[in-house]
Amino acid sequence: MTAVSTSSYPRNRAYENNVLPDQGDPQVVWPKNTAATAAAVAALAQTASSPRFKQTYPPAAANYLAKAQLGWQFLTNAIAKYGKDGAYQKLTHYGDNFMHDDELAWAATELFLATGDETYHQKLKEWFDPADPATRRWGWWRMSECYGNAIRSYAFAARSGRLSADRLDPAFLQKCEQQIDGAGRDTLRWSDQSAYGTSFPEETKHVRGGGWYFSLDQAFDLIVADQLSYPPSSDPRPRFIEAFIANLNYEAGSNPVNVSYITGLGRKRQHEIVHQYAQNDRRVLPPSGLPLGNIQTGQPFLDLYKSELGAMSFPDDGAAVAPYPYYDRWSDTYNVSAEFVVVNQARALAGLAYLAAQTPLCNQSWRPTAAQITGLPSEVPDGTPVTAQFLAPAGFDMSGATVVWEARDQNPASGNSFTFIPRSNGTQWVEAEAYSPDGRRVVALQEFHAANGLPNVTVTAPITLAAVANSGQGMFVFRRTGDLSAPLTVHFNLLGTATKWNDYRRPEGDMPDTMTFPAGADSITLTIVPVATSLAGLTKVVTLALISDSTYNADAPNAASITLQGVGGSLPAANPPPPATNPPPTSAPPPTSPPPPAANPPPTSEPPPATNPPPTSEPPPPATNPPPTSEPPPATNPPPATNPPLANRSSGGGGAIDGWFAAALICLWLLRQRRRHS
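All values derive from a computational prediction rather than experimental measurement.

## Quick word on the overall build of the chain
Item 1. Assigned secondary structure in the chain consists of 15 helices and 21 strands.
Item 2. Within the span of the chain, comprising 678 residues, buried residues form 49% of the whole.
Item 3. Restricting the contact set of the chain to residue pairs at least 6 apart, pairs at least 24 apart contribute 70%.
Item 4. Surface accessibility of the chain: about 30500 Å² in total, with carbon and sulfur atoms responsible for 55%.

## Things to note about the environment of Asn344
Item 1. Mapped onto the elements, Asn344 comes out in helix α13 (residues 342-357).
Item 2. Asn344 sits in the buried class, given a relative accessible area of 5%.
Item 3. The spacing of Asn344 and Phe214 is 130 residues in sequence and 7.2 Å in space, taken between C-alpha atoms.
Item 4. One polar contact links the side chain of Asn344 to the main-chain amide nitrogen of Val341, over a distance of 2.9 Å.

## With respect to the confidence of the model for the chain
Item 1. In this model, the chain carries a mean pLDDT of 84, and residues with pLDDT of at least 70 account for 83%.
Item 2. Below pLDDT 50 for its whole length, residues 1-5 participates in 28 contacts with residues either more than four positions away or in separate chains.
Item 3. Here residues 573-678 is modelled with pLDDT under 50, and outside its nearest four sequence neighbours on either side it reaches 229 contacts, counting other chains as well.

## Describing the pattern of salt bridges
Two side chains bearing opposite charge may form a pair once their charged atoms approach each other closely.
Item 1. All chains considered together, the criterion is met by 26 salt bridges.
Item 2. Asp186 is paired through a salt bridge with Arg142; the nearest N and O atoms lie 2.9 Å apart. Of the two residues, Asp186 is situated in helix α7 (residues 170-192) and Arg142 in the loop between α5 (118-127) and α6 (145-155); the sequence distance between them amounts to 44 residues.
Item 3. Look at Arg142 and you get buried, because its relative accessible area is 2%.
Item 4. The partner of Arg347 in a salt bridge is Asp221, with the nearest N and O atoms 3.7 Å apart. Remark: Asp221 occurs in helix α9 (residues 215-225) and Arg347 occurs in helix α13; sequence separation between them is 126 residues. Grouping residues by exposure puts Arg347 and Asp221 together as buried.
Item 5. Sharing partners across several salt bridges, the network here consists of Arg142, Asp186, Arg189 and Glu202.

## Section: the environment of Leu265
Item 1. Tracing the sequence through the fold places Leu265 in the loop between α10 (237-252) and α11 (276-280).
Item 2. The spatial distance from the C-alpha of Leu265 to the C-alpha of Thr402 is 9.9 Å, given a sequence separation of 137 residues.
Item 3. The contacts of Leu265, once residues within four sequence positions are left out, are Ser260 and Arg441.

## A word on the sheet that holds strand β16 (residues 504-505)
Item 1. One open sheet accounts for 5 strands, arranged β16-β18-β14-β12-β20; its pairing is mixed. Every other strand in the sheet has two partners, leaving β16 and β20 (553-554) as the edge strands with one partner each.
Item 2. With 5 bridges joining them, strand β12 (residues 456-463) and strand β14 (residues 474-480) adopt antiparallel strand pairing. Each bridged residue has a counterpart across the sheet, and for Ile463 the counterpart in β14 is Met475.

## Let's talk about the packing of helix α1 (residues 34-49) against helix α4 (residues 101-115)
Item 1. Axis separation between α1 and α4 bottoms out at 8 Å; the angle between their running directions is 25 degrees. When the axis of α1 is compared with that of α4, the two are roughly parallel. For the element pair α1 and α4, the recorded crossing hand is left-handed. In this structure, α1 uses Ala35, Ala38, Ala39, Val41, Ala42, Ala43, Ala45, Gln46 and Ser49 to contact α4, whose residues at the interface are Glu103, Leu104, Trp106, Ala107, Glu110, Leu111, Leu113 and Ala114.

## Brief notes about unusual backbone geometry
Item 1. Cis rather than trans, the peptide bond between Phe314 and Pro315 has omega equal to -5 degrees.
Item 2. Note that the residue after Ala556, namely Pro557, is joined by a cis bond; omega there is 0 degrees.
Item 3. Locating Pro557 in the fold gives a position in the loop between β20 and β21 (559-565).
Item 4. Even without glycine at this site, Arg208 takes up a positive phi of about 55 degrees.

## Some remarks on the pairing of strand β17 (residues 514-517)
Item 1. Alternating positions in β17 separate cleanly, Met515 and Phe517 being buried on one face and Thr514 and Thr516 remaining unburied on the opposite face.
Item 2. Looking at chain direction, strand β15 (residues 488-496) and β17 are connected through 4 bridges and run antiparallel. Across the sheet, residue Leu488 finds its bridge partner in β17, namely Phe517.

## Some details on α5
Item 1. Those residues of α5 that fall on the buried side of the exposure criterion are Tyr120, His121, Leu124 and Trp127. For α5, the arc enclosing every buried residue in end-on projection is 140 degrees, short of the 170-degree limit, so these residues lie on one face. Away from its buried face, by an angle of more than 90 degrees, α5 presents the exposed residues Thr119 and Glu126.
Item 2. Where α5 is buried, its residues contact α3 (58-82), α4, α6 and α7.
Item 3. Two to three positions downstream of the cap, the backbone nitrogen of Thr119 sits 2.8 Å from a side-chain oxygen, assigning the N-cap of α5 to Asp117.

## Notes on the packing of aromatic side chains
Item 1. Per the stated rule, a full pass over the model turns up 26 aromatic pairs.
Item 2. Measuring from centroid to centroid gives 6.2 Å for Tyr230 and Phe240, while their planes differ by 70 degrees, and the two rings are edge-to-face. Taken together, the positions of Tyr230 in the loop between α9 and α10 and Phe240 in helix α10 put the pair 10 residues apart, joining distant regions of the chain.
Item 3. Taken together, a centroid distance of 6.3 Å and an interplanar angle of 50 degrees make the contact between Phe420 and Phe448 tilted. Of this pair, Phe420 sits in strand β9 (residues 417-420) while Phe448 sits in strand β11 (residues 441-451), placing them 28 residues apart in sequence.
Item 4. On the basis of relative accessible area, Phe420 is assigned to the buried category, the value being 5%.
Item 5. On the basis of relative accessible area, Phe448 is assigned to the buried category, the value being 3%.
Item 6. Among the aromatic residues, those joined into a cluster by ring pairs are Tyr196, Phe200, Tyr213, Tyr250, Tyr261, Tyr326 and Tyr327.
Item 7. Sitting over the face of the ring of Phe74, Lys32 holds its NZ or CZ atom 4.7 Å from the ring centroid.

Definitions and cut-offs
Residues numbered from 1 in each chain as written. Predicted model: local features only at pLDDT ≥ 70, side-chain atom pairs only at ≥ 80, totals over all residues. Heavy atoms only, no water. Helix = DSSP H or I, 4+ residues; strand = E, 2+ residues; numbered from the N terminus. Buried < 20%, exposed > 50% of the residue type's maximum accessible area, 1.4 Å probe, protein only. Contact = heavy atoms within 4.5 Å. Areas by Shrake-Rupley, 256 points an atom, 1.4 Å probe, with all protein chains shown as cover. Polar contact = N/O pair within 3.5 Å; in protein donor to acceptor, adjacent residues only side chain to side chain. pLDDT = per-residue confidence, 0-100. Salt bridge = Lys/Arg side-chain N within 4 Å of Asp/Glu carboxyl O. Pairing = 2+ DSSP bridges. Axes fitted to C-alpha atoms, helices over the stretch in contact; angles between N-to-C directions. Parallel < 35°, antiparallel > 145°, perpendicular 65-115°, else oblique. Left-handed = near helix turned anticlockwise from the far one by under 90°. Arc of directions from axis to C-beta. Phe/Tyr/Trp six-rings, centres within 6.5 Å; stacked < 30°, edge-to-face > 60°. Lys NZ or Arg CZ within 6 Å of the ring centre and 35° of its normal.

Below, the structure is given as structure tokens:
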């Protein structure tokens, strides 16, 4: 698993900070380079060599392998022409720690395992020595990025059924297994060094680093090492599992601030996270199941408050003597140093899936079924209290379950019922999610209407194109409901890329920002015409957005757009969506002028581009030497939580990796799809 050097970004701005992902901007996809190509080659070949995938989807497996081999040909041609270093082009800091060397090693590994062709095998051994400290990040972080992918795939090639053991190089295989064992022991040692059991690296502590650290992501190396075979007299695998559970406990809430660093868990839940969907959907709480950074160097820089939050910490986070306790630093704040990427989530989910598969829960039959919300009327007067009740589906045990409620304009609440007062006119939504101690969840959604007695006003654009060439006119139509006996004046904003007066106006020559319904009228029309001189060769958009008033409600649809086409202007593929009706909280927007990414991000994970890190969050790589791989674990260990009952575990269960890791990624995809459509 890795981040690769290819990206897409909004075409016309730095951040899509005010729209949902499915309503995002036109994107610019950065061109592929050798790193991105090599990673794609590796992923295609790895999938194509999976015995289960080949059995289930033989045509797709053959096609994937053929495409991977074409990609390899592109890589070898580029290297032959420009040299190995000369062929590489850096696009971003993502995946650039080893240039493209780690991706190339991974690609050679997967093609060898998929084909058995010694050409790939020899190229792998020419390019990569697993025992070389230069292939570790900062000289001490084993299994980093695509080097880790290559090591895992080679080490478990025979046990996963990809290639017979006699085709592997025994010396190279031993080096791979030594690195897996070393990474597991490093992670165990770091867990032992923490009173809370989290595997925060000692080397990072030396420089007071932090950020982008996720306990379960870090603990993935323990689960991988647990797949190796060990002599019975010196088998560290029980302690690997203990350390993994300690990391799980820390991330789930057994930490100094009593916060679950997984959204959707616990009673003290984080509201503000760096996540495009969470920032722009209608809910206060973010979607469930997202990891949050566990350790932070301090309070973040925010565009609104600048460095004020950090200045309020006492003792100072950066004090040379007796600073604010390191593990106690947390705030419910927009903080990019706590932002995850899918690699962090996938590694955590893979470890959890493996552990769960060793318990009786693996045989629990479960298909999500919808719950119900009862007790809500179809319509109530505005300001009237209502009480919603949660009704679980048949077979769902509510004893010990927690129900979390969200509703329009309301703060989240918990309990089997939810009493609240609608705060606005129109359609009200109520959502509830119940989760049981064994992890099962059911959800329910209900809508009703609240009326405040005021008329409802809407706006549409039946004519959405006004072209200069044919003397076209655009038209906005306002409609109202309720009492029509008196005149009603409505207010609106004029938004979009077009400028009133300059680019458009009424045929009368003016451009008002109010319109008045005459007494007895339930509709009125605002006609606009494009201005030829300012629109020559251009196409622009005007969006009219209603503003609610004490005398009426701006009901849906409350915004409409018209495209203005000058002579020679080209039409867009589709009309742009209206402005977001629920932009992110103004208290924590992404900074408009982010500092450049630091040259040395924290040594605990691959961070996203830095947009608001505190000044002390990007330490230089530590100068300390890596610990010897033979260092035994300390004799003492903080007492772990009671282990779940484990099924019979045979020595060296590496054959399970192929199945449970693929299942974990599928579960991750299904979870994201469910949240997207909820």
